[in-house]
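Structural characterization, general
Each chain, written out:
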Amino acid sequence: MENGKSRLHSQSRGRVQHVTVKDFRPISLTSFVLKTLEKVVDRYLRDRILQTRPLHPNQHAYRAGYSTESALHAAGIFMDIKGAFNHTPLEACREALDRGIAPPLVDWIDELLRLARSQIKRIIMEWTESKHNEWWSAAKGCRQAKLMLGPEPNSDWLRQAQNRGREYISLLTHIITGHGHLRYHGHKIGLVSDSTCRWCGADEETPLHLLTACDAAAERRRKSFGDALPSLEDIRGTKASRLIGFWREVVRTN
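Note that the structure is a prediction, hence the values are computed from the model and not measured. (Residues numbered from 1 in each chain as written. Predicted model: local features only at pLDDT ≥ 70, side-chain atom pairs only at ≥ 80, totals over all residues. Heavy atoms only, no water.)

**Focus: the packing of helix α10 (residues 218-225) against helix α12 (residues 240-250)**
Between two packed helices, the angle of one axis relative to the other and the distance separating the axes together describe the packing. α12 packs onto α10 with a crossing angle of 155° between their chain directions and a minimal axis gap of 10 Å. Between α10 and α12, the crossing angle belongs to the class labelled roughly antiparallel. For α10 against α12, the interelement crossing comes out right-handed. Mapping the contact onto sequence places Arg 220, Arg 221, Ser 224 and Phe 225 in α10 and Arg 242, Leu 243, Phe 246, Glu 249 and Val 250 in α12. Along the lines of polarity and charge, the residues of the contact of α10 with α12 split into four nonpolar, one polar and four charged. (Axes fitted to C-alpha atoms, helices over the stretch in contact; angles between N-to-C directions. Helix = DSSP H or I, 4+ residues; strand = E, 2+ residues; numbered from the N terminus. Parallel < 35°, antiparallel > 145°, perpendicular 65-115°, else oblique. Left-handed = near helix turned anticlockwise from the far one by under 90°. Contact = heavy atoms within 4.5 Å. Nonpolar A, V, L, I, M, F, W, Y, C, P; charged D, E, K, R; others polar.)

**A word on the packing of helix α7 (residues 166-177) against α12**
Look at α7 against α12: their axes get within 10 Å of each other, and the N-to-C directions meet at 85°. Comparing the axis directions of α7 and α12 gives the class roughly perpendicular. Here Glu 167, Tyr 168, Leu 171, Leu 172, His 174 and Ile 175 of α7 lie close against α12, whose contacting residues are Ala 240, Ser 241, Leu 243, Ile 244, Trp 247 and Arg 248. Class assignment for the residues of the contact of α7 with α12 results in eight nonpolar, two polar and two charged.

**What to know about the layout of surface pockets**
A volume near 490 Å³ is recorded for the second largest pocket. Contributing to the lining of the second largest pocket are 19 residues, with His 132, Pro 153, Asn 154, Ser 155 and Leu 158 lying nearest its centre. Taken together, the elements giving at least two residues each to the lining of the second largest pocket come down to α4 (103-138), α6 (155-161) and α7. Composition of the lining of the second largest pocket by domain shows at least three residues from each of domain 1 (42-54 + 82-139) and domain 2 (146-252). (1 Å grid on protein atoms, 1.4 Å probe; cavity = no way out; pocket = protein on both sides within 12 Å on 5 of 7 lines; lining within 4 Å. Points joined across faces, edges and corners; volume = space filled by probe spheres on them. Domains from an automatic or database assignment.)

**Looking at the packing of aromatic side chains**
Applying the stated rule across the entire model yields two aromatic pairs. Aromatic side chains Trp 135 and Trp 136 sit 6.3 Å apart centroid to centroid with 40° between the ring planes, which places their arrangement in the tilted category. Residues Phe 225 and Phe 246 carry aromatic rings whose centres are separated by 5.2 Å and whose planes lie at 45° to one another, so their mutual orientation is tilted. Note that Phe 225 is positioned in helix α10 and Phe 246 in helix α12, a separation of 21 residues in sequence. There is no split in this pair, since Phe 225 and Phe 246 are both buried. Over the aromatic face of Trp 136 sits the side chain of Lys 146, whose NZ or CZ is 5.9 Å from the ring centroid. In this structure, Arg 164 is placed above the aromatic ring of Tyr 168, and the distance from its NZ or CZ to the ring centre is 4.4 Å. (Phe/Tyr/Trp six-rings, centres within 6.5 Å; stacked < 30°, edge-to-face > 60°. Buried < 20%, exposed > 50% of the residue type's maximum accessible area, 1.4 Å probe, protein only. Lys NZ or Arg CZ within 6 Å of the ring centre and 35° of its normal.)

**Let's talk about α7**
Helix length check: α7 (twelve residues) gives 16 Å between terminal C-alpha atoms against 16 Å at 1.5 Å per residue, within 8%. Against the buried residues of α7 lie α5 (143-149), α6, α9 (207-212) and α12. With its phi angle positive at about 80°, Gly 178 sits one or two positions after the end of α7. (Expected span 1.5 Å × (residues − 1).)

**Regarding unusual backbone geometry**
The phi angle of most residues is negative, glycine excepted, and most peptide bonds adopt the trans form. One non-glycine residue, Cys 142, adopts positive backbone phi at about 55°. With respect to the element layout, Cys 142 can be found in the loop between α4 and α5. Using a relative accessible area of 39% as the deciding quantity, one classes Cys 142 as partly exposed. Positioned with a positive phi, Asn 163 is a non-glycine residue whose angle comes to about 60°. Along the polypeptide, Asn 163 turns up in the loop between α6 and α7. Using a relative accessible area of 82% as the deciding quantity, one classes Asn 163 as exposed.

**Digging into the pattern of salt bridges**
All told, the structure shown has nine salt bridges when counted by the stated rule. Among the salt bridges present, the one from Asp 42 reaches Arg 46, with a minimum N-O distance of 3.0 Å. A residue pair is termed a helical-turn pair when its members lie 3 or 4 positions apart in one helix, as Asp 42 and Arg 46 do in helix α1 (residues 32-52) at four residues. Between Asp 47 and Arg 43 there is a salt bridge, and its shortest N-O distance comes to 3.7 Å. Here Arg 43 and Asp 47 lie together in helix α1, a separation of four residues that amounts to about one turn. We classify Asp 47 as partly exposed; its relative accessible area is 40%. (Salt bridge = Lys/Arg side-chain N within 4 Å of Asp/Glu carboxyl O.)

Shown next, in the form of C-alpha cells:
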C-alpha cells in the first residue's frame, strides 16, 4: 500500500487481441494489513450476519457457484449480458449491507468499493492517454503541431477549450497547427509568394515566431505573457486564453 492506497495493475485476460480496456483485468496489490482486515470482515459477515439474515435465494451476484448465466437460467431467459454485475450501483451495494451491520463497518466497506472503482477509472484514463501518446509520437507529419505541443499533447489546452465557442477553438487550432492566416502556411499551399514575417521581416511567419521572437510583437508579448522573449516551454505552459488574446491582438488587427 502506498500512501494508504492500493496499487492496481492490468493483467491480460488471455485474449488474442489487446485493444480495448475490457481485454485486461485490473489486479489490486494491497498491503497485508488490508488483506488481513478484509478477511476478518469477510469471516464476520459470513459467520455472524449471514447466518441470521442469509442472502435471498435468487441472489446470484458475487456468490460462489453463481453468475449472470445462472441468474438468466433461473429466470428462464437465454441471452448474453456482458459485465452485468460489474455495473451494480454502489448505492445498491450499500442497501444490501442493511442487515444489522454496525454503521462504521458499512461506511468502511462503502469507501473501499468507491476507492476501487475510482482507481479503475484512473487506470483506464492512464492507459488511454499512454496509447494516445504512443500514436502521437509515431504519427508522421504534423511538424508545426508537434513543435508547439511537444512530445505529449497538451491536455491543459484541451481542457481549457472545452465548452468554448467555435471561434475560440478555431483560433487555438490555428496557433497549434499554423494552419491560419500566416504567410508560412500560405506559402506552403501556394497562396502567397513569400513566407517572411510581414511585421519584422526577420524570419518565417509561423506561430512560434510570433509567440517567441518577432520584434514587432515584443511589447504585446510582454503584456500577454509577462516576457518579451518567452521560451517555447513558457508558451507550452501558458493558458490557452492568454495565447488567444495575444493572437487576436497581433494577427487579427494586422
